[in-house]
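Here are the chains, one letter per residue:
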Amino acid sequence: MGRFEIVVGDITASDAEAIVNAANESLLGGGGVDGAIHRAAGPELLEECRKLRGCPTGQARLTGGYRLRAKYVIHTVGPVYRDGAHGEAAALASCYRASLETAEARGIREVDFPSISTGVFHYPVAQAAAVAEKAIMEFLRAHPAMRRVRMVCHDEAAARVYRQTYNQLYAGEKEQRL
Ligand code: APR
């Protein structure tokens, strides 16, 4: 895998320079990983988010990390999955690309992602994994300065899907350093 890793854990405990939040367009918090990140970061995170006045689906916004170990939080808004025929894959790919571009622009070299849209937004994990891994691997090829990107799955079941998907997509490239 080289610079891309799949791990199981709680992203709020991540020591990466930046963690990505699976937010909604209001950026005012919610449940799932959004709620967990806001709880761990403390009230200053919401205060900063308020000033951003929202974020459209597929885009990303940068804030401080406050009480988190991560120095930054990159908030991105994934698509709500309907049936796969309403631009969901393009919007999800845009979340990963925009988050990595936002990190790169700030000189951030380590980014941890949650499995965007696969909870409340109902994106099937296997389909989301293929979109996520293609976007991440494409970015890593084009940006040698990015040191590490991790997919932080909340449970082993999700990690298994991400690993299986990765192997299906990139098995032949194992020997190539990325
Ligand atoms: N660490 C890592 N992953 C987590 C954590 C955590 N602490 N908590 C939840 N997850 C995982 C979920 O298991 C799921 O696989 O994050 C993934 C994304 O799920 P959601 O958090 O539900 O996010 P999403 O599906 O993108 O829906 C976003 O939910 O919480 C609200 O405000 C948010 O409206 C927005 C919507």
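Residues numbered from 1 in each chain as written. Predicted model: local features only at pLDDT ≥ 70, side-chain atom pairs only at ≥ 80, totals over all residues. Heavy atoms only, no water.

**Student:** I'm lost on the environment of P144 in this one. Help?
**Tutor:** The residue P144 is located in the loop between helix 4 (125–142) and strand 6 (148–153) in this model. Judged by its relative accessible area of 68%, P144 falls in the exposed class. Sequence spacing of P144 and R109 is 35 residues, and the spatial spacing of their C-alpha atoms is 9.9 Å. (Helix = DSSP H or I, 4+ residues; strand = E, 2+ residues; numbered from the N terminus. Buried < 20%, exposed > 50% of the residue type's maximum accessible area, 1.4 Å probe, protein only.)

**Student:** What is the right way to look at the pattern of salt bridges in this model?
**Tutor:** It is possible for side chains bearing opposite charge to pair when their charged atoms get close. Under the counting rule described, the total for this entry stands at seven salt bridges. Of the charged contacts in the structure, one is a salt bridge between D15 and R150, with a shortest N-O distance of 3.4 Å. Residue D15 is located in the loop between strand 1 (4–8) and strand 2 (18–23), and its partner R150 is located in strand 6; the two are separated by 135 residues in the primary sequence. With a relative accessible area of 45%, D15 lands in the partly exposed category. Between E17 and R147 there is a salt bridge; the shortest N-O distance is 3.9 Å. Pair noted here: E17 is in the loop between strand 1 and strand 2 and R147 is in the loop between helix 4 and strand 6, with a separation of 130 residues, a long-range link. Judged by relative accessible area, E17 falls into the partly exposed class, the value being 25%. In the salt-bridge network here, residues are joined through shared partners; they are E17, E110, R147 and R148. (Salt bridge = Lys/Arg side-chain N within 4 Å of Asp/Glu carboxyl O.)

**Student:** Whenever I open this one, the sheet that holds strand 2 confuses me. Can you help?
**Tutor:** As a general point, the strands of a sheet are linked pairwise by backbone hydrogen bonds and lie either parallel or antiparallel. Spatially, the six strands line up as an open sheet ordered 1-6-5-2-4-3, and their pairing is mixed. Here the strands that pair on one side only, and so sit at the sheet edges, are strand 1 and strand 3 (60–64). In this sheet, neighbouring strand axes are inclined to one another by 25° on average, regardless of whether the strands run parallel or antiparallel. Note: strand 2 against strand 5 (residues 110–113), two bridges, orientation parallel. Of the residues in strand 5, the one forming a bridge with I19 is D112. Against the sheet, helix 1 (residues 32–41) touches strand 2 and strand 4 (72–77), its axis set at about 130° to strand 2. On the sheet, helix 2 (residues 43–52) packs against strand 3 and strand 4 and is oriented at approximately 140° with respect to strand 3. (Pairing = 2+ DSSP bridges. Axes fitted to C-alpha atoms, helices over the stretch in contact; angles between N-to-C directions. Contact = heavy atoms within 4.5 Å.)

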